[in-house]
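# Geometric and topological summary
Chain residues, written in single-letter form:
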Amino acid sequence: MKKTIYTLLLVFLFFSAKAAKIDTIQVFSASMNKNIKTCVIVPDNYKKSKKKFPVVYLLHGYSGNYATWVKSFKEVGEQVDKYGFIVIGVDGNYSSWYFDSPIDSTFKYETYVVNELVPFIDENYKTIASREGRAISGLSMGGHGALYLSFKHQDVFGAAGSMSGGVDFRPFPEKWDIKKRLGSITEFPENWEKNTVVNMLGLVENNNLKLIIDCGVDDFFIDVNRELHTKMLAQKINHDYIERPGKHNIEYWENSLKFQLLFFYNFFNN
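All of these numbers come straight from a predicted model, not from anything done at the bench.

Strand order in the open sheet formed by eight strands is S1-S2-S4-S3-S5-S6-S7-S8, with mixed pairing between adjacent strands. Since the sheet does not close on itself, it has two edges, and those belong to strand S1 (21-29) and strand S8 (240-244), each with one partner. Across the sheet, the mean angle separating the axes of adjacent strands is 20° when strand polarity is ignored. Where S1 and strand S2 (residues 34-42) come together, nine bridges link them in antiparallel fashion. By the bridge assignment for S2, Lys 21 is matched with Val 42. The sheet contacts of helix H4 (residues 109-124) involve S1, S2, strand S3 (55-59), strand S4 (86-90) and strand S5 (134-138), and relative to S1 the element is tilted by about 125°.

Rendered as structure tokens:
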């Protein structure tokens, strides 16, 4: 009996060792004068490999945090091992929407992600430190954030995705702390107009970005995603657009993430 338990323990340890490694690190933000927790998931072969790895930055939704991707997504480690890239679980605070707030100088999450987090990851991990080796995606608030950051920083990110993204938040002026970041829509309409993704398509020139956007048909963001898709078609912006049965929930996003990571794998290997 003892021998059997010992053998099972060895098998368990063997398979446990053959898995993506998860680190929680602190990244200092000079722009906000604070340390911000970040989740880094590296593939099993990371330490032994001499090659450099592409990186996917994942942005959580409203009320989430850096650990969302490892706590709620059961297969993310398997996907990291399967595709052989690094995944970064970014912390965007409870409700930053991933831009630099024009009314609150303590919220500078665009500056943090682009100018502080990405350089830190490149300095401390074996990354392909170019847009060809970087992708960004997110869910809900993070879907908006991923498109927002990639549209504005195409020199940093070569591919981007949105899962159930709040790609036009103007129809929701009282929701999700947006007015805390931008001011009320009646007092500061220009802040809402220039910081919502659906109005930023003019930045996407020459189809420089590889884009994937999806949303469940029963999601409260489905109408704004359809509007974004229609505008992108009219402006001849290449993108993959997917609608599937589903709501604004983890069951939809777990499935969605698999499609998006495959999309990024294909981008990295073209």
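We are not done yet, so read on.
Within the secondary structure layout, Ser 137 lies in strand S5. What makes Ser 137 buried here is its relative accessible area of 0%. Engagement of the side chain of Ser 137 in a polar contact is seen with the side chain of Gln 260, the distance being 2.6 Å. In contact with Ser 137, not counting residues within four places along its chain, are Tyr 57, Leu 58, Leu 59, Gly 142, Ala 146, Gly 161, Ser 162, Met 163, Gln 260 and Phe 264.

Turning to the pairing of S2, a few remarks are in order. Here S1 hands over to S2 after four residues, with Asn 33 in that stretch at a positive phi of 55°. One ladder, built from three bridges, connects S2 with S4; its direction is antiparallel. Residue pairing for S4: Val 40 is matched across the bridge by Ile 88.

What counts and how
- The written sequence of each chain sets the order in which its residues are numbered from 1.
- Local features are withheld for residues below a pLDDT of 70 in this predicted model, meaning they are given only at 70 or higher, and side-chain atom pairs are given and counted only at 80 or more; totals for whole chains, interfaces and linings count all residues.
- Heavy atoms throughout the structure, all of them, feed into the side-chain values; hydrogens and water do not.
- One bridge is not enough; two strands pair if DSSP finds at least two bridges between them.
- Numbering of helices and strands runs from the N terminus, with a helix taken as a DSSP run of H or I at least four residues long and a strand as a DSSP run of E at least two residues long.
- Simply put, an axis is a line fit to the C-alpha atoms, just over the touching stretch for a helix, and the angle between two N-to-C directions goes from 0 to 180 degrees.
- Contact definition: two residues touch when any of their heavy atoms are within 4.5 Å.
- Three labels apply to residues, based on accessible area from a 1.4 Å probe with only protein chains included: buried if under 20% of the type maximum, exposed if over 50%, partly exposed otherwise in between.
- By the criterion applied in these results, polar contacts are pairs of N or O atoms within 3.5 Å in which, for protein atoms, one can donate a hydrogen and the other can accept it, and in which residues neighboring in sequence qualify only through two side-chain atoms.

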